[in-house]
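Take a look at the letters that make up each chain.
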Amino acid sequence: MAEPLPVAILVEDERQIRRFVRTALEAEGWNVHETDTLRQGLIDAGTRKPDLIILDLGLPDGDGMEFLRDLRAWSNVPVIVLSARVGEEDKIGALDAGADDYLTKPFGVGELLARVRAASRRCRDTGAGLGSVFEFGDIKVDLSLRTVHRGAVAIHLTPIEYRLLALLIANSGKVLTHRQILREVWGPTHTEDGHYVRVYMGHLRQKLENDPAQPKHILTETAVGYRLVQTARD
Amino acid sequence: MPTPSESRPDPDLLLAKVKRQEADARRGKLRIYFGSSAGVGKTYAMLVAARKLKDEGREVVIGVVETHGRAETAALLGGMEIVPPKSMPYRGKDLSEFDLDAALLRHPSLILIDELAHSNVQGVRHPKRWQDIEELLAAGIDVFSTLNVQHLESLNDVVGGITNVRVWETVPDTVFDDADEVVLVDIPADELLERLRAGKVYVSQQAERAAENFFRKGNLMALRELALRRTAERVEGDVQAYRVDKSIGSVWKTANALLTCVGPDAGAERVVRGGARLAGQLNAEWHAIYVETPSLQRLPAARRDKILATLALAQDLGATTAVIADADVAMSVVAYARSHNLSKLVIGRDPARRLWPWQRSSGQKLALLAPDIDLVEIGRSDGALRDGDARNSAAWPALPGAESGDRRRLKRLRYLWAALACIAVTLLSMPLAAHFDRSNIVAIYILTVVLIAVRLGRGAAALAAVLSVCAFDFFFVPPRFSFAVSDVQYFLTFCIMLAVGLITGQLTAGLRFQARVAAHREERAGSLYAIARDLSGAVQIDQVVRISAESIERTFRASAALLLPNSAGELAMTTSRGDATLAVDSGIAQWAFDKGQPAGFGTDTLPGSEVLYIPLRAPTRARGVLAVKAHNRRLLRIPEQRQLLDTFAALIAIALERVHYVEVAQDALVRMESERLRNSLLAALSHDLRTPLTVLVGLAESLTLIKPALSPAQRESAEAIQDEARRMSTLVSNLLDMARIESGGVKLNLQWQPLEEVIGSALNAARGMLKQHGVEVNIPRDLPLVRFDALLIERVLVNLLENASKYTPPGSKITLAAQVVGDTLSVSVSDDGPGLPVGREEAVFQKFTRGERESATPGVGLGLAICRAIVESHHGKIVATHRPGGGARFTFTLPLGQPPAAAEEAEAADG
């Protein structure tokens, strides 16, 4: 084989979870390294040059947030976080600290693999640079001309709506927290005005989604943030 | 000349105005029909006005109306609702009285109560009817009442002087002045006399003889003038209030206040009334003080009580009162006036008799001391003496003079000691006479007199001086053993001896008095210091109760108890030790607590009680009631002592409040700790339950993905395992959420957000369950933002959708709709399935209830119970109904609020 297999590091203390995650990833063509402590995980991340890290937030030997901050100081490797449903603050904290995506336990293998694919594609895309045209559903965004079309019909967006859309496109597939969106679009002084984001996201959905109440692309991650999905499920 | 700053409204006055308006808004309005005498038609005028209001639709009720058998008046009563009077037994007779509690219970918009000046029978809550009316007004009920000019407190003696008829039922001027409206009912004297002759004026039988003198034309004209003038004064007051109200250049003079001096003479009441009238005319605040000198302290108990009664009268008339102990009246009066910035003095004229030609009247003394202070002397009248005494003995029952007997015995003993000392000195000096000059003997006697003055007081010193002179004359001045004097120069010696003795006696007695006053002051300060120190150390209610009772017993020689409210606001007795002498009336205590006003002994409310009830008012609210029963009751009538007691009450209230907050803080700490414990327990439980479920779901799904593919049967089993594991996971989530919500430990993460968003995510989450159902979403685009916890409301929607999918056959249609109803947002989930069992609409929200008893549908009925708990924690409601056309409908509401402004402006700035 000319190209070596991509490397994934799995930091998880539950053996059975490690087992099925490993099986699923290996079936997708990943080279998986397992570890059950954060310490070892951080060492592996430094030595094995991973292309992906899957991190359980509920490890007994330390704080996952600490791990993320350490890691982000020197690496941009995609990180997917596993967490229980009660810990919404933990998820937001992990995303703000630099995680790319999260999965709520219990999760299915299909969900996991979809997230893994999205994360590694985004990683590849950033390396290559985004194309000037981005499409989702029947919407076509020309990032160089700053125009948005549904089919042949031009859609008018206000400056804030456009900036919001551009941010979502730049992070397509990734979860953005309310705080991250506010900081990027409105600036650092507005990070507490969560309703701004919700109101403008609503405007955007009304202009871009066929059924704003059941969006297919601009998805809400309840109490956490938003995610733009390029290819709709089902 | 008004400068701009002077014409600006005074902020303090404006603040007072705002506060007054707030209080006024809740308070009922008082209208007084005011007339110069009986028979002018006040009751008639009041009834006519009330009838008119009733015809306009006001709720008018009659409390008391005296028709006195007049047909026109009685006719006006027809068809009016009357509060039935209650009958009170009094001296073997049953008297009917106005029933205050029934009126408060009835709570009409307007009540008519005749005869404002009426005195209630003993045993009714308040001694006076105007106090009943105060309470009605405080409860927000409007009152119409009637009043004759002779019943006004400050005009009482003036009217008495004109007509020679004194009335005992009076109304404080403050009631008249604070009335919202005064309507003057006026007819000329001749017409009134005409009506009298025609028998249209009611005269009670016992007053018939007096009435002959009363209803003379001269009297009636004078009374009419008084009534007109008093009304005019009030109108002027209104104009002034209006000017302040409208910020028209203030006419308020701050240094306008006046000071009235109360003396021991019978004319003191006249002085107080004069002061009150003057203060009313000047629209100024006023003070009344009594300076207690050593000689006044020796007055009999009855006269001292009378002085305190006069001070109480001054307080009723609106004065700030004080008792000052000082030997020099003029000096202390001037000092008081200066320290309180009072620019006018009102004093009674001194009696004409003077002991010595060089003695100055108190007016002259004051004028010399303070030439800048205006002085008003009120003339005396002999009539006032008799009347005043009669009044006071009626209003102030004589107090037992327990002390005076002891004191008299003590006094006699002192004189005896003084006499014995003189005899002893004479006996001792006898042998010395042979060796020493007589002038030295004189010195020994003078020394004796000084010592007696220091030890035994002024009277004993005077006696000793006289005895010494006699003894010296008899035993030492030749011819010895005779009062005859051979040398005229000894008369000079006698005079000097006597003078020195009397003067030193006077001086030392003054010193003793000063020392005693200082000691009293120190005692008061000391007791305050002691209770403040003790209370500051108290950390439990019991300690506060014990310390309060002990301190009050020590300081006032009184039994005391605290009554503290329970959670329902009802007072309960807390005595530290079983004090049998303190019989507390819980009704009076509750009244004092509810109204925040003192009641019982020495107050306006139920003064017949032996116990004084003082509400314990702390900064945030009343914390209880202090009940005090003094063994020496005069003590509590002295303003200084009452003020000291009030200060005690304030300290106790603050201590109680502090203890209360200590408890609140401890509770909060315990709650926080238990919440932390519960949260960590739930988190651990959640982790331990979810991990195996995650493994189950993951492993079962990986089975379906492995190569080579499983057989269809194996694959079906793997999928079933996965489905059941997921269902189990939902169940665990529901159980944990329920536990968290039920324990009250849920902190809602409330955010302003569009409902649309959470509907979208709920549909997304319930996607798997709704595969076989059609879903229709029906929400308007312009819904306002609502404040809710997105995760919990998503859970409600998912549960409702899951419920709908579970209980309807595949292919059914589920409709999700939302709309604004009033001030709530109403969200409904309906289906066209079999619907709810009739009569079970409410029961479905109970825990572990399912629609049909023997249904094969899986799931524990916890979903709807959680929905209810979540919606109610958002202050909303959830109901289950039948959908018109068949099926079930679940509707929940969320309160709409005032959403924050969205940042539309930012866009404009951008674009």
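Let me begin by describing the structure that accompanies this report. What you are looking at is a predicted structure, and each value in this text was computed from that prediction instead of being measured.

### Digging into the overall build of chain A
Counting its secondary structure elements, chain A contains eight helices and twelve strands. The 234 residues of chain A split such that 54% are buried. When contacts within chain A are restricted to residue pairs at least 6 apart in sequence, those whose partners lie at least 24 apart make up 56%. When the accessible surface of chain A is split by element, carbon and sulfur atoms take 49% of a total near 10500 Å².

### Considering the overall build of chain B
Along the backbone of chain B there are 29 helices and 25 strands. Expressed as a percentage of its 911 residues, the buried residues of chain B come to 43%. Counting contacts in chain B only where the partners sit at least 6 residues apart, residues at least 24 apart contribute 71% of the total. When the accessible surface of chain B is split by element, carbon and sulfur atoms take 56% of a total near 47100 Å².

### Digging into a positive patch on the surface
All names here are of chain B. Together, R298, R408, K411, R412, R414 and R516 line one region of the surface with positive charge. Top element by residues in the positive patch is helix α18 (residues 402-432). It accounts for four residues. In this fold, K411 is placed in helix α18.

### Overview of the packing of helix α25 (residues 712-742) of chain B against helix α28 (residues 863-873) of chain B
Residues and elements named next belong to chain B. Across the interface, α25 lies against α28 with an axial gap of 10 Å and an inter-helix angle of 35°. Of the two possible hands of crossing, α25 and α28 adopt the one that is left-handed. Packed against α25, whose contacting residues are N734, M738 and I741, the element α28 presents G863, A865, I866, A869 and I870 at the interface. Class assignment for the residues of the contact of α25 with α28 results in six nonpolar, two polar and no charged.

### Quick look at the sheet that holds strand β6 (residues 133-136) of chain A
Residue and element names in this part refer to chain A. The antiparallel open sheet is built from four strands, whose spatial order is β6-β7-β8-β9. Each edge of the open sheet is held by one strand with a lone partner, namely β6 and β9 (153-154). Pairing geometry for β6 and strand β7 (residues 139-142), over four bridges, is antiparallel. Bridge pairing in β7 links E135 to K140.

### Describing the packing of aromatic side chains
For any pair of aromatic rings, geometry is given as the distance between the ring centres together with the angle between the planes. Applying the stated criterion across every chain, the model contains 13 aromatic pairs over all chains. Geometrically, the ring pair formed by F134 of chain A and F136 of chain A is tilted, given 6.2 Å between the ring centres and 55° between the ring planes. The pair F134 of chain A / F136 of chain A is uniform in exposure class, with both members buried. Aromatic side chains F472 of chain B and F494 of chain B sit 6.3 Å apart centroid to centroid with 90° between the ring planes, which places their arrangement in the edge-to-face category. Of this pair, F472 of chain B sits in helix α20 (residues 458-475) while F494 of chain B sits in helix α21 (residues 489-536); the two residues are 22 residues apart in sequence, bridging distant segments of the chain. In this structure F472 of chain B comes out as buried when scored by relative accessible area, which is 0%. Linked through ring pairs, Y445, F472, F476, F491 and F494 of chain B together constitute an aromatic cluster.

### What about the nonpolar core?
Residue and element names in this part refer to chain B. Core analysis: the largest hydrophobic core is formed by 56 residues, its most contacted members being I32, F34, I111, L112, L136 and L147. If you tally residues by element for this core, the top one is helix α3 (residues 42-55), at five residues. With near-sequence residues (within four places) excluded, L136 lies in contact with F98, L100, A103, L104, I111, I113, I141 and V143. Listed in part, the 46 residues of the second largest apolar core include L801, L816, I866 and F892.

### Section: the sheet that holds strand β1 (residues 30-35) of chain B
Residue and element names in this part refer to chain B. Reading across the sheet, the six strands line up as β3-β2-β6-β7-β1-β8 and stay open at both edges, with parallel pairing between neighbours. Two strands close off the open sheet at either side, each with one partner strand: β3 (81-82) and β8 (181-185). Looking at chain direction, strand β6 (residues 110-113) and strand β7 (residues 142-148) are connected through four bridges and run parallel. Each bridged residue has a counterpart across the sheet, and for L110 the counterpart in β7 is D142. Against the sheet, α3 engages β1, β2 (60-64), β6, β7 and β8, with an angle of about 165° to β7.

### Here's the deal with helix α1 (residues 15-27) of chain A
Taking 1.5 Å of rise per residue, 13 residues should cover 18 Å, and α1 of chain A covers 18 Å from first to last C-alpha, within 8% of that figure. After α1 of chain A finishes, the residue G29 of chain A shows a positive phi value of roughly 90°.

### Overview of the interface of chain A and chain B
At the interface, 40 residues of chain A touch 44 residues of chain B. Interface of chain A and chain B: buried area, both sides summed, is about 3800 Å²; carbon and sulfur atoms make up 59% of it. Here E757 of chain B makes a salt bridge to R205 of chain A, at a shortest N to O gap of 3.6 Å. For the pair chain A and chain B, the interface holds nine residue pairs in polar contact (both at pLDDT 80 or more). Elements with a contribution of two residues or more to the side of chain A that touches chain B: α1, α5 (109-128), α6 (159-170) and α8 (194-208) of chain A. Per-element accounting of the side of chain A that touches chain B gives the leading share, nine residues, to α8 of chain A.

### Quick notes on the environment of E236 of chain B
Topologically, E236 of chain B is positioned in helix α11 (residues 217-245). Remark: the alpha-carbon pair of E236 of chain B and Q281 of chain B, spanning 45 residues in sequence, is separated by 9.4 Å.

### A word on unusual backbone geometry
All names here are of chain A. Along the chain, K105 connects to P106 via a cis peptide bond; the corresponding omega equals -5°. Here P106 lies in the loop between β5 (101-104) and α5. Look at K49: it is not a glycine, yet its phi comes out positive at around 45°. Within the secondary structure, K49 sits in the loop between α2 (38-47) and β3 (52-56). Within the chain, A223 stands out as a residue other than glycine whose phi angle is a positive 65°.

### Thoughts on the pattern of salt bridges
In total, this model carries 43 salt bridges over all chains according to the counting rule given. In this structure, the salt-bridge partner of D100 of chain A is R72 of chain A, at a minimum N-O distance of 3.0 Å. Taken as a pair, D100 of chain A in the loop between α4 (88-96) and β5 and R72 of chain A in helix α3 (residues 64-72) lie far apart in primary sequence, 28 residues in all. Judged by relative accessible area, D100 of chain A falls into the buried class, the value being 11%. R72 of chain A sits in the partly exposed class, given a relative accessible area of 22%. Notably, a salt bridge pairs R642 of chain B with D646 of chain B, separated by 3.5 Å at the nearest N-O pair. Residue R642 of chain B and its partner D646 of chain B are both found in helix α24 (residues 639-705); the two are separated by four residues, about one turn of the helix. Exposure remark for R642 of chain B: the relative accessible area of 16% places this residue in the buried category. In this structure D646 of chain B comes out as partly exposed when scored by relative accessible area, which is 32%. Three or more residues are tied together by salt bridges with common partners; here these are R18, R22, E26 and E34 of chain A.

### Focus on α20 of chain B
With 18 residues, α20 of chain B ought to run about 26 Å at 1.5 Å a step, and its terminal C-alpha atoms sit 25 Å apart, in line with that. Of the positions making up α20 of chain B, those classed as buried are A460, A461, A464, A465, S468, V469, A471, F472 and D473 of chain B.

### Considering the pairing of β7 of chain B
Residues and elements named next belong to chain B. By the criterion of burial, β7 is predominantly enclosed, with seven of the seven residues buried. Of the two faces of β7, the one holding D142, F144, T146 and N148 and the one holding V143, S145 and L147 are both buried throughout. In this structure, β1 lies alongside β7, joined through six bridges in parallel fashion. Bridge pairing in β7 places R31 opposite F144. Since β6 and β7 lie parallel, the crossover through helix α6 (residues 129-138) that links them has a hand, and here it is right-handed.

### Here we look at the side chain of Q150 of chain B
All names here are of chain B. When you line up the elements, Q150 lands in the loop between β7 and α7 (156-163). Under the relative-accessibility criterion, Q150 is labelled buried at 9%. What Q150 contacts, discounting residues up to four positions off in sequence, is S36, S37, N156, V159, V167 and F214.

What counts and what doesn't
- Residues numbered from 1 in each chain as written.
- Chains lettered and ligands numbered in written order.
- Predicted model: local features only at pLDDT ≥ 70, side-chain atom pairs only at ≥ 80, totals over all residues.
- Heavy atoms only, no water.
- Helix = DSSP H or I, 4+ residues; strand = E, 2+ residues; numbered from the N terminus.
- Buried < 20%, exposed > 50% of the residue type's maximum accessible area, 1.4 Å probe, protein only.
- Contact = heavy atoms within 4.5 Å.
- Areas by Shrake-Rupley, 256 points an atom, 1.4 Å probe, with all protein chains shown as cover.
- Patch = residues over 30% accessible without salt bridge, like charges linked within 9 Å, V, L, I, M, F, W, Y side chains within 5 Å.
- Salt bridge = Lys/Arg side-chain N within 4 Å of Asp/Glu carboxyl O.
- Lys, Arg positive; Asp, Glu negative; His and termini not counted.
- Charge placed at Lys NZ, Arg CZ, Asp CG, Glu CD.
- Axes fitted to C-alpha atoms, helices over the stretch in contact; angles between N-to-C directions.
- Left-handed = near helix turned anticlockwise from the far one by under 90°.
- Nonpolar A, V, L, I, M, F, W, Y, C, P; charged D, E, K, R; others polar.
- Pairing = 2+ DSSP bridges.
- Phe/Tyr/Trp six-rings, centres within 6.5 Å; stacked < 30°, edge-to-face > 60°.
- Core = buried A, V, L, I, M, F, W, Y, C linked by side-chain atoms within 4.5 Å.
- Expected span 1.5 Å × (residues − 1).
- Buried area = accessible area lost by both parts, 1.4 Å probe.
- Polar contact = N/O pair within 3.5 Å; in protein donor to acceptor, adjacent residues only side chain to side chain.
- Right-handed = clockwise from strand over helix to strand, strands pointing away.

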